[in-house]
Amino acid sequence: MAANGETLPLALTMGEPGGISAEITIKAWRALHKNGPPFFIIDDPERYDADEIPATEINTPEDAAHVCQNALPIFPISLKEPIKTGVADSRNASTVIDSIKNAVDFTVSGRASAIVTNPIQKSALLAAGFSFPGHTEFLADLTSGVAMPKNRIRGPVMMLAGPALRTVPVTVHQSLNNAIDSLSIEQIIRVATVTAEALKSEFGIEYPRLAVAGVNPHAGEAGAFGDEDEKIVKPAVEALQASSINATGPLPADTMFHDEARDRYDAAICMYHDQALIPVKTLDFHNTVNVTLGLPVVRTSPDHGAALDIAGAGKARPDSLIAAINLASNLAAKRID
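So, here's what we can say about the structure. (Residues numbered from 1 in each chain as written. Predicted model: local features only at pLDDT ≥ 70, side-chain atom pairs only at ≥ 80, totals over all residues. Heavy atoms only, no water.)

1. Concerning the nonpolar core
Ranked by size, the top nonpolar core spans 62 residues in total, and within it F39, L210, M271 and I325 carry the most contacts. The dominant element in this core, judged by the number of residues it contributes, is helix α11 (residues 319-336), at 9 residues. Those residues in contact with L210, other than ones at most four positions away along the chain, are A192, T195, A196, L199, I245, N246, A247, T248, Y265, A267 and I269. Grouped together as the second largest cluster of nonpolar side chains are 29 residues, M14, F40, F130 and L295 included. (Core = buried A, V, L, I, M, F, W, Y, C linked by side-chain atoms within 4.5 Å. Buried < 20%, exposed > 50% of the residue type's maximum accessible area, 1.4 Å probe, protein only. Helix = DSSP H or I, 4+ residues; strand = E, 2+ residues; numbered from the N terminus. Contact = heavy atoms within 4.5 Å.)

2. Re the side chain of E202
Inspection of the secondary structure puts E202 in the loop between α7 (185-201) and β8 (209-213). Within the structure, E202 has its side chain in polar contact with the side chain of R335 (distance 2.7 Å). Sequence-distant contacts of E202, that is, excluding residues within four places in its chain, are made with R152, L331, K334 and R335. (Polar contact = N/O pair within 3.5 Å; in protein donor to acceptor, adjacent residues only side chain to side chain.)

3. Some points on the environment of A179
Here A179 is to be found in helix α6 (residues 176-182). Judged by its relative accessible area of 3%, A179 falls in the buried class. When the C-alpha atoms of A179 and Y272 are compared, they prove to be 6.4 Å apart, with 93 residues separating the residues in sequence. Among residues more than four places away in sequence, those in contact with A179 are T171, Q174 and Y272.

4. Description of the packing of helix α3 (residues 93-108) against helix α5 (residues 135-142)
Two quantities define a packed helix pair, namely the angle between the axes and the distance from one axis to the other. Packing of α3 against α5 leaves a shortest axis separation of 11 Å and a crossing angle of 50°. Classified by the interaxial angle, the pair formed by α3 and α5 is oblique. The two elements α3 and α5 meet at a crossing, and its hand is right-handed. Residue-level inspection shows I97, I100, K101 and V104 of α3 in contact with α5, the latter providing H135, F138, L139 and L142. Residues of the contact of α3 with α5, tallied by class, amount to 6 nonpolar, 1 polar and 1 charged. (Axes fitted to C-alpha atoms, helices over the stretch in contact; angles between N-to-C directions. Parallel < 35°, antiparallel > 145°, perpendicular 65-115°, else oblique. Left-handed = near helix turned anticlockwise from the far one by under 90°. Nonpolar A, V, L, I, M, F, W, Y, C, P; charged D, E, K, R; others polar.)

5. Considerations on the pairing of strand β6 (residues 157-161)
With 5 of its 5 residues buried, β6 lies for the most part within the structure. Across the two faces of β6 the burial is the same, with V157, M159 and A161 and M158 and L160 all buried. Here β6 runs beside strand β11 (residues 289-293); their pairing, made up of 5 bridges, is antiparallel. From the neighbouring strand, A161 faces β11, where its bridge partner is V289. Where β6 meets strand β7 (residues 166-169), 2 bridges bridge the pair, whose relative direction is antiparallel. Counted as the bridge partner of L160 is T167 from β7. (Pairing = 2+ DSSP bridges.)

None of the figures reported here should be taken as evidence of function without further support.
Below, the structure is given as C-alpha coordinates:
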(Lines give C-alpha, C1' and ligand atoms only; values in the text may rest on other atoms or scores of the structure.)
Protein backbone atom coordinates (compact mmCIF):
# COMPACT_ATOMS: atom_id res chain seq x y z
CA MET A 1 0.00 0.00 0.00
CA ALA A 2 1.35 3.40 -0.97
CA ALA A 3 1.60 6.23 1.55
CA ASN A 4 -1.47 7.87 0.05
CA GLY A 5 -3.55 4.73 0.59
CA GLU A 6 -3.54 3.60 -3.04
CA THR A 7 -2.69 0.01 -3.98
CA LEU A 8 0.86 -0.28 -5.24
CA PRO A 9 1.11 -1.81 -8.72
CA LEU A 10 2.88 -5.05 -9.54
CA ALA A 11 6.02 -4.85 -11.70
CA LEU A 12 6.03 -7.30 -14.65
CA THR A 13 9.25 -8.05 -16.48
CA MET A 14 9.47 -8.32 -20.26
CA GLY A 15 10.71 -11.92 -20.46
CA GLU A 16 12.12 -13.31 -23.70
CA PRO A 17 11.24 -10.83 -26.50
CA GLY A 18 11.06 -13.55 -29.16
CA GLY A 19 8.65 -15.65 -27.13
CA ILE A 20 5.08 -15.35 -25.93
CA SER A 21 5.52 -12.83 -23.11
CA ALA A 22 3.93 -9.86 -24.92
CA GLU A 23 0.99 -12.02 -26.04
CA ILE A 24 0.21 -13.39 -22.58
CA THR A 25 0.71 -9.95 -21.00
CA ILE A 26 -1.86 -8.47 -23.36
CA LYS A 27 -4.29 -11.28 -22.62
CA ALA A 28 -3.70 -10.97 -18.87
CA TRP A 29 -4.35 -7.22 -19.00
CA ARG A 30 -7.61 -7.81 -20.88
CA ALA A 31 -8.70 -10.28 -18.20
CA LEU A 32 -7.68 -8.21 -15.19
CA HIS A 33 -7.69 -4.51 -16.00
CA LYS A 34 -11.20 -3.81 -14.74
CA ASN A 35 -11.22 -5.72 -11.46
CA GLY A 36 -7.77 -7.23 -10.96
CA PRO A 37 -4.69 -5.83 -9.24
CA PRO A 38 -2.99 -2.94 -11.09
CA PHE A 39 0.27 -3.76 -12.83
CA PHE A 40 2.73 -2.35 -15.33
CA ILE A 41 5.30 -4.01 -17.58
CA ILE A 42 8.93 -2.98 -18.00
CA ASP A 43 9.32 -3.48 -21.73
CA ASP A 44 9.98 -2.00 -25.14
CA PRO A 45 6.75 -0.21 -26.24
CA GLU A 46 7.49 -1.22 -29.84
CA ARG A 47 6.38 -4.75 -28.94
CA TYR A 48 2.79 -3.59 -28.41
CA ASP A 49 0.64 -2.75 -31.41
CA ALA A 50 -1.76 0.13 -30.72
CA ASP A 51 -4.35 -1.59 -32.93
CA GLU A 52 -4.21 -4.66 -30.69
CA ILE A 53 -4.21 -3.09 -27.23
CA PRO A 54 -4.40 0.38 -25.70
CA ALA A 55 -1.00 0.98 -24.13
CA THR A 56 0.46 4.02 -22.38
CA GLU A 57 4.08 4.74 -21.57
CA ILE A 58 4.57 5.74 -17.94
CA ASN A 59 7.41 7.70 -16.35
CA THR A 60 7.11 6.24 -12.87
CA PRO A 61 5.55 3.11 -11.34
CA GLU A 62 3.19 5.35 -9.42
CA ASP A 63 1.48 6.28 -12.71
CA ALA A 64 0.41 2.68 -13.31
CA ALA A 65 -2.45 2.61 -10.81
CA HIS A 66 -4.21 5.41 -12.69
CA VAL A 67 -3.52 3.99 -16.14
CA CYS A 68 -4.10 0.27 -15.77
CA GLN A 69 -7.90 0.26 -15.96
CA ASN A 70 -7.88 1.89 -19.38
CA ALA A 71 -4.53 0.94 -20.93
CA LEU A 72 -1.57 -1.34 -20.37
CA PRO A 73 1.05 0.76 -18.55
CA ILE A 74 4.54 0.31 -20.02
CA PHE A 75 7.66 1.54 -18.30
CA PRO A 76 9.85 1.89 -21.41
CA ILE A 77 13.21 0.29 -22.03
CA SER A 78 14.72 -0.29 -25.47
CA LEU A 79 15.78 -3.53 -27.12
CA LYS A 80 19.14 -3.52 -28.87
CA GLU A 81 18.03 -5.50 -31.93
CA PRO A 82 14.76 -5.98 -33.83
CA ILE A 83 12.78 -9.00 -32.68
CA LYS A 84 12.43 -12.08 -34.84
CA THR A 85 9.37 -13.93 -33.62
CA GLY A 86 10.20 -17.37 -32.31
CA VAL A 87 13.93 -16.64 -32.05
CA ALA A 88 15.85 -15.78 -28.89
CA ASP A 89 18.56 -13.24 -29.74
CA SER A 90 21.37 -13.04 -27.19
CA ARG A 91 22.05 -9.47 -28.33
CA ASN A 92 18.87 -8.45 -26.50
CA ALA A 93 19.89 -10.23 -23.29
CA SER A 94 21.08 -7.03 -21.60
CA THR A 95 17.64 -5.45 -21.99
CA VAL A 96 15.93 -8.56 -20.62
CA ILE A 97 18.27 -8.43 -17.62
CA ASP A 98 17.69 -4.69 -17.14
CA SER A 99 13.95 -5.32 -17.02
CA ILE A 100 14.46 -7.70 -14.09
CA LYS A 101 16.82 -5.30 -12.33
CA ASN A 102 14.34 -2.45 -12.68
CA ALA A 103 11.54 -4.58 -11.26
CA VAL A 104 13.69 -5.43 -8.24
CA ASP A 105 14.66 -1.79 -7.72
CA PHE A 106 11.05 -0.62 -7.88
CA THR A 107 9.89 -3.28 -5.44
CA VAL A 108 12.75 -2.90 -2.96
CA SER A 109 12.20 0.88 -2.91
CA GLY A 110 8.50 0.44 -2.18
CA ARG A 111 7.25 1.76 -5.51
CA ALA A 112 5.86 -1.61 -6.62
CA SER A 113 4.25 -4.23 -4.42
CA ALA A 114 5.76 -7.37 -6.00
CA ILE A 115 7.56 -8.77 -9.03
CA VAL A 116 5.98 -11.01 -11.66
CA THR A 117 8.56 -12.33 -14.11
CA ASN A 118 7.63 -13.29 -17.63
CA PRO A 119 9.45 -16.39 -18.95
CA ILE A 120 13.05 -15.96 -20.08
CA GLN A 121 15.04 -18.07 -22.53
CA LYS A 122 17.99 -19.08 -20.40
CA SER A 123 20.14 -20.22 -23.32
CA ALA A 124 20.06 -16.72 -24.86
CA LEU A 125 21.07 -15.11 -21.56
CA LEU A 126 23.83 -17.64 -20.93
CA ALA A 127 25.19 -17.05 -24.43
CA ALA A 128 25.48 -13.37 -23.53
CA GLY A 129 27.47 -14.10 -20.38
CA PHE A 130 24.67 -14.34 -17.81
CA SER A 131 26.16 -16.24 -14.88
CA PHE A 132 23.04 -17.53 -13.12
CA PRO A 133 21.10 -20.76 -13.78
CA GLY A 134 17.78 -18.89 -13.78
CA HIS A 135 15.55 -16.20 -12.31
CA THR A 136 15.58 -17.60 -8.77
CA GLU A 137 19.34 -17.40 -8.31
CA PHE A 138 19.58 -14.00 -10.02
CA LEU A 139 16.86 -12.48 -7.85
CA ALA A 140 18.54 -13.85 -4.74
CA ASP A 141 21.79 -12.15 -5.78
CA LEU A 142 20.09 -8.84 -6.59
CA THR A 143 18.42 -8.75 -3.17
CA SER A 144 21.26 -10.21 -1.11
CA GLY A 145 21.95 -6.88 0.57
CA VAL A 146 18.31 -6.12 1.33
CA ALA A 147 17.02 -6.86 4.82
CA MET A 148 14.37 -9.55 5.16
CA PRO A 149 11.02 -8.61 6.71
CA LYS A 150 10.79 -9.28 10.43
CA ASN A 151 10.62 -12.98 11.36
CA ARG A 152 11.15 -14.08 7.75
CA ILE A 153 13.86 -16.56 6.75
CA ARG A 154 16.10 -15.91 3.74
CA GLY A 155 16.07 -18.41 0.88
CA PRO A 156 15.86 -18.53 -2.03
CA VAL A 157 13.52 -21.49 -2.27
CA MET A 158 11.42 -22.35 -5.33
CA MET A 159 7.80 -23.34 -4.79
CA LEU A 160 5.38 -24.46 -7.49
CA ALA A 161 1.92 -23.55 -6.23
CA GLY A 162 -1.15 -24.94 -7.97
CA PRO A 163 -4.81 -25.16 -7.00
CA ALA A 164 -4.40 -28.77 -5.81
CA LEU A 165 -0.72 -29.07 -4.86
CA ARG A 166 2.34 -27.13 -3.69
CA THR A 167 5.76 -28.64 -4.29
CA VAL A 168 9.23 -27.43 -3.32
CA PRO A 169 12.43 -28.90 -4.82
CA VAL A 170 15.46 -29.02 -2.53
CA THR A 171 17.86 -29.05 -5.50
CA VAL A 172 16.87 -27.11 -8.59
CA HIS A 173 18.77 -26.40 -11.81
CA GLN A 174 21.32 -29.21 -11.78
CA SER A 175 21.79 -32.47 -13.58
CA LEU A 176 20.25 -35.39 -11.72
CA ASN A 177 23.72 -36.76 -10.89
CA ASN A 178 24.85 -33.44 -9.45
CA ALA A 179 21.58 -32.95 -7.60
CA ILE A 180 21.91 -36.24 -5.74
CA ASP A 181 25.61 -35.66 -5.06
CA SER A 182 24.91 -32.23 -3.60
CA LEU A 183 21.97 -33.26 -1.41
CA SER A 184 22.60 -32.77 2.31
CA ILE A 185 20.81 -32.89 5.63
CA GLU A 186 21.40 -29.18 6.14
CA GLN A 187 20.00 -28.31 2.72
CA ILE A 188 16.78 -30.23 3.31
CA ILE A 189 16.35 -28.60 6.73
CA ARG A 190 16.89 -25.11 5.29
CA VAL A 191 14.46 -25.55 2.41
CA ALA A 192 11.79 -27.13 4.60
CA THR A 193 12.16 -24.46 7.30
CA VAL A 194 11.84 -21.61 4.79
CA THR A 195 8.79 -23.36 3.31
CA ALA A 196 7.07 -23.88 6.67
CA GLU A 197 7.64 -20.25 7.64
CA ALA A 198 6.32 -18.98 4.30
CA LEU A 199 3.22 -21.17 4.54
CA LYS A 200 2.47 -19.53 7.88
CA SER A 201 3.30 -15.92 7.12
CA GLU A 202 2.32 -15.60 3.47
CA PHE A 203 -0.18 -18.37 2.76
CA GLY A 204 -2.02 -18.05 6.07
CA ILE A 205 -1.62 -21.69 7.15
CA GLU A 206 -1.22 -21.59 10.93
CA TYR A 207 0.12 -25.12 11.38
CA PRO A 208 1.70 -26.17 8.07
CA ARG A 209 2.23 -29.85 7.31
CA LEU A 210 5.17 -30.94 5.16
CA ALA A 211 5.50 -34.25 3.31
CA VAL A 212 9.15 -35.01 2.57
CA ALA A 213 9.81 -37.23 -0.44
CA GLY A 214 12.51 -39.86 -0.51
CA VAL A 215 15.25 -39.84 -3.13
CA ASN A 216 15.09 -43.43 -4.29
CA PRO A 217 12.26 -45.76 -5.38
CA HIS A 218 10.11 -46.64 -2.35
CA ALA A 219 12.19 -44.17 -0.31
CA GLY A 220 15.10 -46.58 -0.54
CA GLU A 221 13.28 -49.63 0.84
CA ALA A 222 15.35 -49.54 4.07
CA GLY A 223 18.59 -49.27 2.11
CA ALA A 224 17.85 -51.87 -0.55
CA PHE A 225 17.70 -49.21 -3.31
CA GLY A 226 20.34 -46.78 -2.08
CA ASP A 227 21.27 -45.33 1.30
CA GLU A 228 20.53 -41.61 0.71
CA ASP A 229 17.12 -41.82 2.35
CA GLU A 230 18.48 -43.39 5.53
CA LYS A 231 21.62 -41.25 5.72
CA ILE A 232 20.34 -37.87 4.49
CA VAL A 233 16.56 -37.53 4.25
CA LYS A 234 15.55 -39.35 7.45
CA PRO A 235 17.93 -37.41 9.73
CA ALA A 236 16.74 -34.16 8.17
CA VAL A 237 13.10 -35.05 8.88
CA GLU A 238 13.96 -35.98 12.46
CA ALA A 239 15.73 -32.63 12.92
CA LEU A 240 12.71 -30.78 11.53
CA GLN A 241 10.41 -32.63 13.91
CA ALA A 242 12.70 -31.80 16.82
CA SER A 243 12.37 -28.10 15.89
CA SER A 244 8.55 -28.39 16.04
CA ILE A 245 7.99 -28.45 12.28
CA ASN A 246 5.29 -30.92 11.27
CA ALA A 247 7.27 -32.95 8.72
CA THR A 248 6.73 -36.54 7.64
CA GLY A 249 9.10 -38.71 5.64
CA PRO A 250 10.99 -39.91 3.79
CA LEU A 251 7.92 -40.94 1.82
CA PRO A 252 7.85 -42.94 -1.44
CA ALA A 253 7.38 -40.29 -4.12
CA ASP A 254 5.20 -42.55 -6.27
CA THR A 255 2.43 -42.57 -3.64
CA MET A 256 2.60 -38.92 -2.51
CA PHE A 257 0.52 -37.19 -5.13
CA HIS A 258 -2.84 -38.94 -5.46
CA ASP A 259 -5.95 -37.24 -4.07
CA GLU A 260 -6.03 -38.85 -0.62
CA ALA A 261 -2.31 -38.37 -0.07
CA ARG A 262 -2.45 -34.66 -0.92
CA ASP A 263 -5.11 -34.13 1.74
CA ARG A 264 -2.52 -34.99 4.39
CA TYR A 265 -0.07 -32.14 3.76
CA ASP A 266 0.19 -28.49 2.71
CA ALA A 267 3.41 -28.74 0.70
CA ALA A 268 5.62 -31.54 -0.60
CA ILE A 269 9.36 -31.18 -0.13
CA CYS A 270 10.98 -32.96 -3.08
CA MET A 271 14.60 -33.89 -3.57
CA TYR A 272 15.15 -32.78 -7.16
CA HIS A 273 13.63 -30.60 -9.87
CA ASP A 274 11.46 -33.02 -11.83
CA GLN A 275 10.26 -34.87 -8.75
CA ALA A 276 8.62 -31.58 -7.72
CA LEU A 277 7.58 -30.10 -11.05
CA ILE A 278 6.10 -33.10 -12.86
CA PRO A 279 3.23 -33.80 -10.44
CA VAL A 280 2.15 -30.19 -9.93
CA LYS A 281 2.24 -29.38 -13.65
CA THR A 282 0.44 -32.60 -14.52
CA LEU A 283 -2.39 -31.82 -12.10
CA ASP A 284 -2.96 -28.27 -13.40
CA PHE A 285 -0.38 -26.97 -15.84
CA HIS A 286 -2.20 -23.78 -16.77
CA ASN A 287 -2.93 -22.51 -13.26
CA THR A 288 0.31 -23.35 -11.49
CA VAL A 289 2.61 -20.54 -10.37
CA ASN A 290 6.32 -20.43 -9.62
CA VAL A 291 6.88 -18.59 -6.31
CA THR A 292 10.28 -17.71 -4.87
CA LEU A 293 10.18 -18.06 -1.08
CA GLY A 294 12.71 -16.44 1.23
CA LEU A 295 13.29 -13.20 -0.67
CA PRO A 296 12.86 -9.72 0.82
CA VAL A 297 10.40 -9.09 -2.03
CA VAL A 298 7.48 -11.10 -3.38
CA ARG A 299 8.17 -12.77 -6.72
CA THR A 300 5.95 -15.03 -8.80
CA SER A 301 6.13 -16.29 -12.37
CA PRO A 302 4.19 -18.47 -14.80
CA ASP A 303 5.17 -22.13 -14.56
CA HIS A 304 6.10 -22.40 -18.27
CA GLY A 305 8.85 -21.22 -20.57
CA ALA A 306 9.14 -18.71 -23.39
CA ALA A 307 7.37 -21.09 -25.83
CA LEU A 308 9.31 -19.97 -28.91
CA ASP A 309 7.58 -22.68 -30.94
CA ILE A 310 4.15 -21.01 -30.69
CA ALA A 311 5.25 -17.37 -30.53
CA GLY A 312 3.24 -15.16 -32.85
CA ALA A 313 0.57 -17.80 -33.50
CA GLY A 314 -1.98 -16.38 -31.06
CA LYS A 315 -2.21 -19.74 -29.26
CA ALA A 316 -0.54 -18.88 -25.96
CA ARG A 317 -2.73 -19.20 -22.89
CA PRO A 318 -2.39 -16.49 -20.22
CA ASP A 319 -3.82 -18.59 -17.36
CA SER A 320 -0.56 -19.11 -15.48
CA LEU A 321 0.44 -15.44 -15.81
CA ILE A 322 -2.99 -14.39 -14.57
CA ALA A 323 -2.63 -16.77 -11.63
CA ALA A 324 0.88 -15.41 -10.97
CA ILE A 325 -0.40 -11.83 -10.93
CA ASN A 326 -3.25 -12.65 -8.56
CA LEU A 327 -1.04 -14.69 -6.23
CA ALA A 328 1.66 -11.98 -6.15
CA SER A 329 -0.97 -9.43 -5.18
CA ASN A 330 -2.31 -11.69 -2.41
CA LEU A 331 1.13 -12.51 -1.01
CA ALA A 332 2.16 -8.85 -1.05
CA ALA A 333 -1.01 -7.91 0.83
CA LYS A 334 -0.26 -10.53 3.51
CA ARG A 335 3.25 -9.11 3.93
CA ILE A 336 1.74 -5.68 4.53
CA ASP A 337 -0.69 -7.14 7.06
